[in-house]
Amino acid sequence: MSLIVQKFGGTSVADAEKIRAAARRALRAQQQGAQVVMVVSAMGKNTDVLVDLAGQVCDSPPAREMDMLLSTGEQVSVALMAMAIHDLGGQAVSLTGAQMEIRTDSAHGKARIRSIGADRIRAHLETGRIVIAAGFQGIDEDLNITTLGRGGSDTTAVALAAVLGADACEIYTDVDGVFTTDPRIEPAARKMDCVSHDEMLELASLGAGVMHSRSIEFGKKFNVPIHVRNSGVFTDAPGTIIGPLPESPDRPVSGAALTKNEAQLTVAGVPDTPGVSLALLEALATANTTVDMIVQNRARDGRTDISFTVLDSELKAAEMAARLAAERIGAREVRRSEPVSKVSVVGLGMARQAGVAQVMFRALADAGVNIQAITTSEIKVSCLVNRDQGQEALRAVHRAFELGREPANCTTAGESLAAAKEAKAADAGAVIARLQAMEELSIDGCELDETQALVSLRHAPDQPGISAAVFEAIADRGLMVDLIVQGIAEDGRTDIGLTVPRKDLAAAEQIVAEMAKRFQGGVASEKEIGILSVTGVGVRSHTGAATRIFRALSEEGINVELIGTSEVKLSVVVAGEHGARALKAANAAFADVIR
Ligand code: ADP
Ligand code: ASP
Ligand code: MG
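Here the residue numbers are simple positions, counted from 1 along each chain's written sequence. Here the convention is simple: chains get letters from A, ligands get numbers from 1, in the order in which they are written. In keeping with the predicted nature of the model, local features appear solely for residues at pLDDT of at least 70, side-chain atom pairs appear and are counted solely at 80 or more, and the whole-chain, interface and lining totals rest on all residues. Calculated side-chain values reflect all of the structure's heavy atoms, with hydrogen atoms and water omitted.

Our next topic: the overall build of the chain. Numbering of helices and strands runs from the N terminus, with a helix taken as a DSSP run of H or I at least four residues long and a strand as a DSSP run of E at least two residues long. Broken down by element type, the chain carries 17 helices and 27 strands. Radius of gyration here is computed from C-alpha atoms only, and the compact-globule reference equals 2.2 Å multiplied by the residue count raised to the power 0.38. Its C-alpha atoms give the chain a radius of gyration of 24 Å, within 12% of the compact-globule value 25 Å for 595 residues. Along the first, second and third principal axes, the C-alpha atoms of the chain reach 75 × 55 × 45 Å. We call two residues contacting when some pair of their heavy atoms lies within 4.5 Å. Taking the contacts inside the chain whose residues are at least 6 apart along the sequence as the reference set, 79% of them involve residues at least 24 apart. Calculation of accessible area relied on Shrake-Rupley with a 1.4 Å probe; when residues are assessed, cover is drawn exclusively from the protein chains displayed. By element, 50% of the accessible surface of the chain is carried by carbon and sulfur atoms, the whole surface being about 23,300 Å². Distance between charge centroids for the chain: 1 Å, based on 60 positive and 76 negative side chains. Only four residue types enter the charge count, namely Lys and Arg as positive and Asp and Glu as negative; His and the chain termini do not. Charge positions are represented by NZ for Lys, CZ for Arg, CG for Asp and CD for Glu.

At least two DSSP bridges between two strands are needed for those strands to be called paired. Overall, mixed pairing links the 8 strands, which are arranged β3-β6-β2-β1-β9-β11-β12-β10 in an open sheet. Two strands bound the open sheet, and with one partner strand each, they are β3 (92–95) and β10 (194–196). On average, each strand axis in the sheet is tilted by 20° relative to the strand beside it, whichever way the strands run. As defined by bridge partners, strand β11 (residues 226–230) adjoins strand β12 (residues 240–243) across 3 bridges and the pair is classed as antiparallel. Along β12, the bridge assignment pairs His 227 with Ile 241. Convention adopted: a line fitted to C-alpha atoms gives each axis, helices being fitted over their contacting stretch, and angles between N-to-C directions are expressed from 0 to 180 degrees.

This next bit is on helix α4 (residues 118–126). Buried within α4 we find Ala 118, Ile 121 and Leu 125. For α4, the angular spread of the buried residues around the axis is 65°, confining them to a single face. In α4, those exposed residues whose orientation departs by more than 90 degrees from the buried face are Asp 119 and Glu 126. Directly beyond the C-terminal end of α4, a positive phi value near 90° is found at Gly 128. The rule is simple: take the accessible area with a 1.4 Å probe, protein chains only, and divide by the maximum for that residue type; under 20% is buried, over 50% is exposed, in between is partly exposed. Directions pointing from the helix axis toward each C-beta atom define the arc.

Take the site of ligand 2 next. Consider each residue's heavy atoms; a residue with any of them within 4 Å of a molecule or strand counts as near. Ser 41, Ala 42, Thr 47, Glu 74, Phe 136, Arg 150, Gly 151, Gly 152 and Ser 153 make up every residue found near ligand 2. At 2.7 Å, a side-chain N or O of Glu 74 approaches a nitrogen atom of ligand 2. Take Gly 152: an N or O atom from its main chain is 3.4 Å from an oxygen atom of ligand 2. Here ligand 2 has 260 Å² of accessible area as a free molecule, and 86% of this is covered by the chains. Each residue receives one of three labels: charged for Asp, Glu, Lys and Arg, nonpolar for Ala, Val, Leu, Ile, Met, Phe, Trp, Tyr, Cys and Pro, and polar for the others, Gly being one of them. Counted by class, the shell around ligand 2 contains 2 nonpolar, 5 polar and 2 charged residues. In the analysis that follows, any N or O atom pair within 3.5 Å is treated as a polar contact, provided that within protein one partner can donate a hydrogen and the other can accept it, and provided that, for residues neighboring in sequence, both atoms belong to side chains.

Turning to the packing of aromatic side chains, a few remarks are in order. Pairing of aromatic rings covers Phe, Tyr and Trp, the last through its six-membered ring, and needs centres within 6.5 Å; plane angles under 30 degrees mean stacked, over 60 mean edge-to-face, and all others mean tilted. All told, the structure shown has 3 aromatic pairs when counted by the stated rule. For the ring pair Phe 218 and Phe 222, a centre distance of 5.7 Å and an interplane angle of 25° mean the geometry is stacked. When the centroid spacing of 5.2 Å and the interplanar angle of 70° are considered together, the rings of Phe 361 and Phe 471 count as edge-to-face. Taken together, the residues Phe 361 in helix α10 (residues 356–366) and Phe 471 in helix α14 (residues 466–476) connect sequence positions 110 residues apart. The residues Phe 361 and Phe 471 share a single accessibility class, namely buried.

A few words now on the site of ligand 1. Thr 173, Asp 174, Phe 179, Asp 182 and Arg 184 are the nearest of the 18 residues found near ligand 1. Contact between ligand 1 and Gly 10: an oxygen atom at 3.1 Å from a main-chain N or O atom of the residue. One of the backbone nitrogen or oxygen atoms of Gly 209 is found 3.5 Å away from an oxygen atom of ligand 1. When ligand 1 is considered free in solution it has 570 Å² of accessible area, and contact with the protein chains removes 84% of it. Here the shell around ligand 1 is built from residues that sort into 7 nonpolar, 7 polar and 4 charged.

Turning to the nonpolar core, a few remarks are in order. In a soluble, globular protein the nonpolar side chains are often hidden away together inside. If you look at the biggest cluster of nonpolar residues, it comprises 50 residues, and the most contacted ones within it are Val 5, Val 37, Ile 116, Ile 121, Leu 160, Met 200 and Ile 242. When sequence neighbours within four positions are dropped, the list of residues in contact with Ile 121 reads Val 37, Met 100, Ile 116, Val 131, Leu 160 and Leu 164. In this structure, Val 343, Val 455, Ile 466 and Met 515 belong to the second largest nonpolar core, which totals 47 residues. Take the buried residues of types Ala, Val, Leu, Ile, Met, Phe, Trp, Tyr and Cys, join any two whose side-chain atoms come within 4.5 Å, and each joined set is a nonpolar core.

Right, let's get into the layout of surface pockets. Approximately 520 Å³ is the volume attributed to the second largest pocket. Whether a set of points on the 1 Å grid over the protein atoms alone is a cavity depends on a 1.4 Å probe fitting there but being unable to get out, while an open set qualifies as a pocket with protein on both sides within 12 Å along at least five of seven lines; lining residues are those with an atom within 4 Å of a point. As for the second largest pocket, its lining consists of 32 residues, of which Glu 378, Met 480, Val 481, Asp 482 and Leu 483 are closest to the centre. Those elements giving two or more residues to the lining of the second largest pocket turn out to be α10, β18 (373–377), β19 (380–386), β20 (442–449), α14, β25 (529–537) and β27 (569–575). Of the residues belonging to the lining of the second largest pocket, the class tally is 17 nonpolar, 9 polar and 6 charged. Grid points are joined across faces, edges and corners, and a volume is the space filled by probe spheres set on the points.

Going through the model one piece at a time under the given rule, you end up with 3 cavities of 30 Å³ or more. Space inside the largest cavity adds up to approximately 150 Å³. Considering only enclosed or pocket space, the second largest cavity measures out at about 100 Å³ in volume. Forming the boundary of the second largest cavity are 15 residues, of which Asn 370, Ile 371, Gln 463, Ile 466 and Ser 467 lie nearest the centre. If you list the elements that add at least two residues to the lining of the second largest cavity, you get α10, α14 and β23 (493–501). Broken down by class, the residue content of the lining of the second largest cavity amounts to 8 nonpolar, 6 polar and 1 charged.

Encoded structure:
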C-alpha cells in the first residue's frame, strides 16, 4: 500500500471551508488506495497573532513559554481537521508533536528533530485512519514543548515522509508551486516544473519563503521528492517537484531570492592573531545565531575587521554575543549597518559556466544599486544591498537572467521523480544510517583544491558599477571565477577578491591591474593557495560547522584568507603551503560526523 504525506499551510486551512476542502483532498487520496498522513499548520495568521499577543504581555517572553503558546495554533488545526474528516464519513486521529514522539533538542524557537516515533503513526494508519499531525512542534528530553522555527511545518512534513518511507510528500500552499522568485514581488516570475534539492535548499535559506529550508535538508538527505502545489479547490494541476534534478541542465541560474530583513554587524579593530575570529564565531554559535556572508578584511597595522550578516530576528542575540566577544578579544568596536537586504541568484549550472556574477553586478549597477558585500559558492552569488532597494534589486536580477522565460531542455516532473526513486534505491543503506542521526550535521567529506590562485583589487571605490566593470572584463576573457568576496568598506573604499585557475592568473592579474589604474586602487595576488572545502548537509544552518573548521585551522596556526559558504559546502582559502596540513586538520575535526 502506498503512503502519502500531505501538508497544508496556514492559508490552506484559514477557515472552515478550506479545512473541509483539505479534508476532502486527503479522503480522496485514501480512497485511491493510499495511507495518508496530513501535516497541518496553524490557521491563517494565527501564529502571528499569538506572537503579537505575547509581545503585549511581556517585553521579552521566555522562549519556553513562547513555544508553549505557539504550539497551540497547530493543535487547534489538527483537531478541527480530524472533525472535518469525521463529518465527511472518514476516520482520523489528530496527534500533537509529543504524541508522535517528535523528539527535539531544547533550542526553543528553532529546535532540531532528533527522532520520531514512527511505529505509533504506522499503527494508526494500519487501522485505516488518516493521521493528522501537528506541524512545527516537538518535545525535548524534559517533555518541554518546542517549536522548529517559523515555517517549520514543512520540516515536520518532510521529516515524517522520510521516516515513514512515504511515496510522496505533497506541500499544499497558496501558490502554484515554486517560482523563479517570489511572485508577490515579481509578477513576471514563472512556476518551475522541477527544481533540484540543492538549488531549493539555497533558495529557501536565501529567502524563498515558500519552503522552510530545513525541510529541504531532509529531502536531500533522505531522497524524498517534494511536490509543492496549490491547495485551491479547483486546481489539481501539477505544481513543482523538488527532487534530484534541476529544471534544465543548460541554464546557469534557476532562481533568485531576497532576504528582506538582515543586518550586517562589523567587529572593527580586531587584533590579527590566530584564534581571534574563532572566538567570535564561537560566541555567535553559542548564542545559536546563524550567520552568513562572513567577510574578513586584510589586516592593517596588526588589526582587521570582521563582518557577517544575521537575520533581524536574531540581531539582538548576535549583537550581544559579538559585543561580549569583542571585549574579550580586545577589538575596538561593534558596528551595526543600516538596514540591508540580501539578493541572491542560485543555479547548479553556474558551477560550469563563466559570467554569472558579471550579469548580476551589471543588472544591479544599471539599477543604481550599490553592492555592500558579495559572497559566492559554486551554485550561488549573494549581494548585500540597501534595504530600500531590495525589491527593485531582485526584479532587476530576475530580468537580467530572463528567468521568466522557459528554458530549453526542461526536465519533466516524471523524470525527476524517477531519478529520486533511483537515488533512493541506490542509497538505501546510507539512508538507514542517516535516519539515526535525523537533523544532526552530516558531512560527506573534506577536499583540497590546489588548482586555484587568488587576485584582489584593493582599495576600490565603494560605489555602483565597480564589481560589474571588473567581472565584465574577466568574463570577456572567458575566465572561470570560483570564489568572490567583497570586503567591508572603510573610508568609502573596499577590496574585491576572486579566485581563478592558476593557469589564468596572469590574465586575471592584468585585468585587475587595468581596473586598479582606472579606479586608483591596488592589486595583490597569490598564486599558491589552497581551497579547503567541507561538503555535507547543514554546514551553514548548524552553527557549529564553521566553528569546527576555524578551531581546527587556528590550532594549526593557519590563517583563513577568504570564506565562501553555502548550505552544503563551506570553503576557506588558505596559503598554499598550509594546504595539506589544513586538509588533515579538517578531516580530523569532522571525523565524528562524516557519514
Ligand atoms: P504556507 O502558509 O502554505 O506555508 P507560505 O506563506 O509559508 O505558505 O509560503 C507561500 C508563499 O511563499 C507564497 O505566497 C509566496 O509569496 C512566497 N514565496 C517566496 N518565494 C517564493 C518562490 N520562489 N516561489 C513561490 N512562492 C514564493
Ligand atoms: N504556524 C507556524 C508558522 O506560522 C508554522 C508553519 O506555518 O509552518 O510559522
Ligand atoms: Mg510556509
